[in-house]
Each structure stands twice: as C-alpha cells, then as structure tokens.
2 protein chains.
Amino acid sequence: MKKTLIFIMLLTLALGNTIVAGDAGKPEGQVSVNAVRRSQVPRILPGNRAAFEVKAPEAKKVQLDLGRLYDMTRDDNGVWRCVTDSLMPGFHYYFLVVDGARVADPASESFFGCGVMASGLEVPYAEGDKRFELADVPHGEVVQRRYHSSVDNADKRMFIYTPPGYNSSTDRYPVLYLQHGGGEDERGWSQQGRTDIIMDNLIAQGKAVPMIIVMSDGNSRDFTEELIKECIPLVESNYRVIAGPEGRAIAGLSMGGIHALNAAITHPELFSNLGVFSSGWWATSAAPGGMGNDTEKYYDRIKKDTDYFNRQFRNVWISMGGKEDIAYNNCQVMMKRFDDLGLKYEYFETPGGHTWPVWRESLYRFAQRIFK
Amino acid sequence: MKKTLIFIMLLTLALGNTIVAGDAGKPEGQVSVNAVRRSQVPRILPGNRAAFEVKAPEAKKVQLDLGRLYDMTRDDNGVWRCVTDSLMPGFHYYFLVVDGARVADPASESFFGCGVMASGLEVPYAEGDKRFELADVPHGEVVQRRYHSSVDNADKRMFIYTPPGYNSSTDRYPVLYLQHGGGEDERGWSQQGRTDIIMDNLIAQGKAVPMIIVMSDGNSRDFTEELIKECIPLVESNYRVIAGPEGRAIAGLSMGGIHALNAAITHPELFSNLGVFSSGWWATSAAPGGMGNDTEKYYDRIKKDTDYFNRQFRNVWISMGGKEDIAYNNCQVMMKRFDDLGLKYEYFETPGGHTWPVWRESLYRFAQRIFK
C-alpha cells in the first residue's frame, strides 16, 4: 500500500503548485511554454509581464534574477511570488535566488547557459509574428552525433539540423557551421535558439534554401583546428553536402562570433559566407582566456589580400543588439578597422542587447542571405 | 569597461566553486561526469561515496535528497557540504533542499524526471564493466523528430536511435518502441538511460542486432492510440524499417511498462516482442489516473487465445529491481495471473529497486534477446 502511494506521488508530483489568480479567481494569463508538464507557473500575464512562484517555506529571502533582480513576497503557505515588468518577446535566461543560493526554477525547463543549468522564460512574440514559433509546416530533424576530438582529447557531440525532405532525397546541401556563445554549449542553438523551427519556417516560405546546420561544441582548446580536423570531415563524410567553399558558411554569437571570425579569416579558402552576431574581436590587447591575442595578425592577413577576401566572401554579415549589447564597442572598433582595410560587410542592428531574441533574429536574417 | 567585465564574468561564471580537499590539500576523487563544465563538484570519492557542495550563504538549513535525506554542513563562507554513503553504480536522481525549496543542483546537469528538472548523479561502474560507458566503437545517432499528435491535439517530439552504418546502408532494420516512466518524457531513455551508448556497445560486440529504437512521449491521453495512429506510421514512412510484427518490439519501464503491456495485449498482431521493466498491471482495481481499469479485460483477451499469444510473442520478458522495487507486488500478482493463464514469459531480477541502474540493465539484456 505504501509502495503504491509512492508511485501515485511520483505521477502527481508536479500537481501541487498554487497559481496566480485573477479578479474572478480564475488564473490570469497563460502558462509559459517552458513550464514543466502540469506546472501552472511561470505564467505570462497581459502586457508580457511574467508571474513566478516557488515554494520555499523556511526561506528568509527569495529573489528572481532576470538580468535585474525582483524581490519575491511570501504568503502564509511559504509560497513566494513576484510579477515582472513588461518583457521583450523571445527567450530569456533566469534564476531564483533562495537565501543566497542561485538556482534554476523547479517549475520550468532548464537550459545550459551562463555556465550552469539555467531556467529559460519564453515571452510570446507579437500577434502575427510566427517566425520563431513552431508551425504546421514540414519539419526537419536534429541529429545528435558523438565524435572523438583529437584536439581536446575528449569525447564530444554535435547537433546537426537536416532540412525537411533530406531523408527521402539524393540532393547535396550547403552547410552552415553555427556556434553558440560563452557559458553555453552545442545544445544552445537548437534549444534556446530554436534553429530547427526558424529554418523549417523559412524553408517552407521559400525564404531560405534548404541547408544543413552544424552546431558543435565551441568549448575547445582550438576551435579552428577542431573544426577543420574533426567537424568538417565528419559532416562531409556522413551527410550529403556541397563540399566546397560555395557550400560552406560559418557564423556564431558572442564568443562563437569570435570563433567564426578566426576560422574564416585564417581559412578563407573554406568558406563563402561569414556571420558575426553580437560580437567583434577584442578591441584591447588584454582579452580574457587568451582569446583575441592574434587579432592584429588577423587584420594583417586581410590587409595582405583584401581583394581576395572581398571576392571569396559573398556575405560578411554583422549584427548587433543595439548600444546595450555588451559587445557593442568591440564590434564598432572592428568595423572601423574593416572600413580602413576596405573589407566589405553588411551591418544590422536590432534592440535587445546581448540576448537570444537578438540572436534568433540574426539567424533568421543571415540564413536568408546565404547560398543563393 | 563595465560591459567587458560582464562578458568576462559570463565566461568564468562557474569557476568559483570550492572543492573537497583530501589530506594533502589536493581534491579527493574525481569530478562527476554530469557536473557542468568547470565545476569541481559533485565529486565521486573512493568507495563510491559522493561529495556535494552548494553556496547558500543566507540559508538556515540545506539538505541533499538522494532518495534518503542527508543534512549538509555550512562553512564560514556560506558553502554547504555533505558526503554520502556508498552508492550503487549508475544514474540516480537527486535534489538539493534549500530552506524548504526542493531544487536542482546548479553545479550539475539537469534531467527531466520526477515531474521536474532534477539533478542526476552518475556513479561509476565497477572496473571492467564497460556496458554502459561511452567507448571507442562506431556510434549511431539520436534524431529529434517533431510531429503533431491528433490524439492529444498537441505538437510533440520523439527521439529515434539509428544504429551505426544506418546512413550509408540500404538495409531495413527492426524497431524497438521504448517507453520512459511516469514523471519522465521522451528524453528519458536517451539521456538518463544512455540508450545509444548501450546499443552502440552491444552492436559493436555482435551481442545485439542493429536496430532502430523509438523513444516517444508516453504522456498521452491514449498511448496505444497515439502509437498506432501517429508514431508507427511516422517511423515506417521515414525510416528503412522491417514493417511487420517480426520487425517490431515494444518495451517500457514503470508507467511505460504498463503502456507496453496495454499496446501489446490489445494489438498482438503488431508485435513479436514485449519487454516490461519494473512494472506490472495494477493489482487492485483502484489504479491512479484511470490507468489499469481495463486490466481484467486484458487478462480476458489473453485467456481467449493464449496459444495465439504464445506463438505471436517470441519474447515476453519481465524484469524487476528486486523486492525493494515499488512495482514488485503488482508484478508478482501479474505473473501469477500469467501462470494461471499459461502465458509464457521470462523473468529477470536484479537488485537496485525502482531506479535507472536497473532499467539500463534491463535494456542491455532485453536488446540481446530480440530480432534474432
């Protein structure tokens, strides 16, 4: 009898959440799409405010950390609550801080970001903006592939998006190598970034050509070496790809943008498209983690043969989340250097700072430009 | 300058953990394979004890919940620590309880289990036991496939393991439909269960035939209906499968074991193999969530044509995590009924209770029996 009880508890464990009630006693708003099954929180309230709850009966102080801190208020049952201001549509990392312990929200899905398993809040897009929403269109697949990295001497994995129709076709496809940011990993683009949803929608509308997207782990001793020695050969020997520069693009966000820059400038013969999202080489010589020390060497490399770079790269596309983006200054300095050297590029700016809403928008726009 | 500082913090966020020091001041043991990058905890100490740490400077009481509760002890810096007793090899769910808030450990990867994002501790297997460890053998792939369920009227997804060589072959493969337990979802078998690693190893050793494994979402209004209307047709029209009962097996753990039983007994014409791990029909009429109400109908169905069931099912394989398994009693009652009816089955018992170490072992053994 006791064993059955435990089993029932397992099945109903998440049912016990209390919920935000509106004036009529009915819960206000809608449950977040990232809330775990059966949880009624977080909720999205009118005006894109979000309501959070957590049970912490013995806690003295509980806060929500969503870039800015919100103090939560305790009720008589030990449930803490808060409601945010209006939030920007798209994905935002967040944490709960329970008596000084910064943790993921047990009511919500977790995502690897900020170097830990963080919570993610998905704020609805404007009515009619279906670019980043799962739609009734043909779906591609996301494939998890394990490999051994001789560069890191470690077993790693990559995720590979194949477009709708790939399995039943004999066509060859171009490939975009797409890098996550610092504190993230190979999961970032398909989970936080919704790469497959964005691409399924673009391809269904004829706005992007069907392509393969490779999302590998950029936490490497030498990203460029690993890309060339491990990732590209694995992809090109296991998938039907266009194996030449005309069929290869490389892009990344933040730290991944620096990876993409480094790989493309040292090996321009491999790529015809380069995307740099919310990034830019370090504008000072003292870059963290040893990154950026070779920056002057990269500018010299471009200077030696600017015409070749301008012919080779059909797209050098740089995006930025506005002045509030933490990489804004580095990016402006880099573009000034590109201008001085005569390297051609396109620049796109959208509000949102150094966040996933900006990076989804960047992929949405970059993917439409390449391989055409 | 402030922006660069934030960027550096993002990159180094997880570096600040303190660590368990041995007598010589050097950290004892090894970092858990599920610890997030750069974290030095949890650690596995000699004798398969595990050491945990969490920073919660303002907390009054912090505990580790690993099936049993361990009180953690605070140091002067607000870091709480504990060391467990010797643990069974394999995967175990756990939580931290910070002043009454039951949360995942920020130092470790999270897994969807117990209805929430739970932490998972991987305790090393015995020296020489490589059955469940990533090895230098050819790797298959795990594919994420989205689909619309007309049964649930919801967008869902499944994960599909394809064996090494699938991409470059024209062969057709048998398919095992493999179900997670209650409080888990379609991710359970590939993440907590290590399905791809277990199968890659078995296939490399010639112990199992190459097969496709479909891990779908069992949280359905009607699992059998969804399997037949959505999952099987999607798989059979998109993958090279042996599309007949001789090429289909169904198995599951706990709640998923009941799903597998229900589907196989109501549609024996579809399957030639049935696996039931740590499960059994409810032994009483009052099953939770409406499950099990049809149990007597299922026994009647078998009784009507026991010879047909015995011919149709080449394997009915039932496993149990010993007497401490919460499903032990239900399983014994069911097997007694099978005995009375003359339905043939094999039974396997291994210590470990209602846990993933038992279910990995069950898959390892069941996969070797089927499609031969």
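Provided above is the structure to which this section pertains.
Residues numbered from 1 in each chain as written. Chains lettered and ligands numbered in written order. Predicted model: local features only at pLDDT ≥ 70, side-chain atom pairs only at ≥ 80, totals over all residues. Heavy atoms only, no water.

## Re helix H9 (residues 356-369) of chain A
Residues and elements named next belong to chain A.
- Taking 1.5 Å of rise per residue, 14 residues should cover 20 Å, and H9 covers 20 Å from first to last C-alpha, within 8% of that figure.
- Taken across its 14 residues, H9 has 11 buried, putting it largely inside the fold.
- All buried positions along H9 are accounted for by Trp356, Pro357, Val358, Trp359, Arg360, Glu361, Ser362, Leu363, Tyr364, Phe366 and Ala367.
- Among the residues trailing H9, phenylalanine 371 stands out with phi positive, at a value near 65°. (Helix = DSSP H or I, 4+ residues; strand = E, 2+ residues; numbered from the N terminus. Expected span 1.5 Å × (residues − 1). Buried < 20%, exposed > 50% of the residue type's maximum accessible area, 1.4 Å probe, protein only.)

## Focus: the sheet that holds strand S3 (residues 49-55) of chain A
Residue and element names in this part refer to chain A.
- Spatially, 5 strands are ordered S1-S2-S3-S7-S6 in an open sheet, and the strand pairing comes out antiparallel. For this open sheet the edge positions go to strand S1 (30-31) and strand S6 (73-74), each flanked by a neighbour on one side alone.
- Sheet analysis places S1 next to strand S2 (residues 43-45), joined by 2 bridges and oriented antiparallel. Bridged to glutamine 30 within S2 is isoleucine 44. (Pairing = 2+ DSSP bridges.)

## A closer look at the sheet that holds strand S1 (residues 30-31) of chain B
All names here are of chain B.
- Across the sheet, which stays open at both edges, the 5 strands sit in the order S1-S2-S3-S7-S6 with antiparallel pairing between neighbours. Each of the sheet's edge strands pairs with one partner strand only, and the pair in question is S1 and strand S6 (73-74).
- The sheet contact formed by strand S3 (residues 49-55) and strand S7 (residues 79-83) spans 5 bridges and is antiparallel. What sits directly across from valine 54, in S7, is tryptophan 80.

## So, the relation of the copies chain B and chain A
- When chain B is fitted to chain A, the residual RMSD is 0.0 Å, and the transformation amounts to a turn of 180° plus an axial shift of 0.0 Å. Here the copies are linked by what is in effect a two-fold axis. Ranked by how close their C-alpha atoms come to the rotation axis, the residues of chain B are headed by Val143(B), at 2.1 Å.
- A shared binding surface is used by both copies, with 100% of the interface residues of chain B retained as interface residues in chain A. (Least-squares fit on C-alpha atoms with pLDDT ≥ 70 in both. Contact = heavy atoms within 4.5 Å.)

These figures come from the coordinates and say nothing about function on their own.
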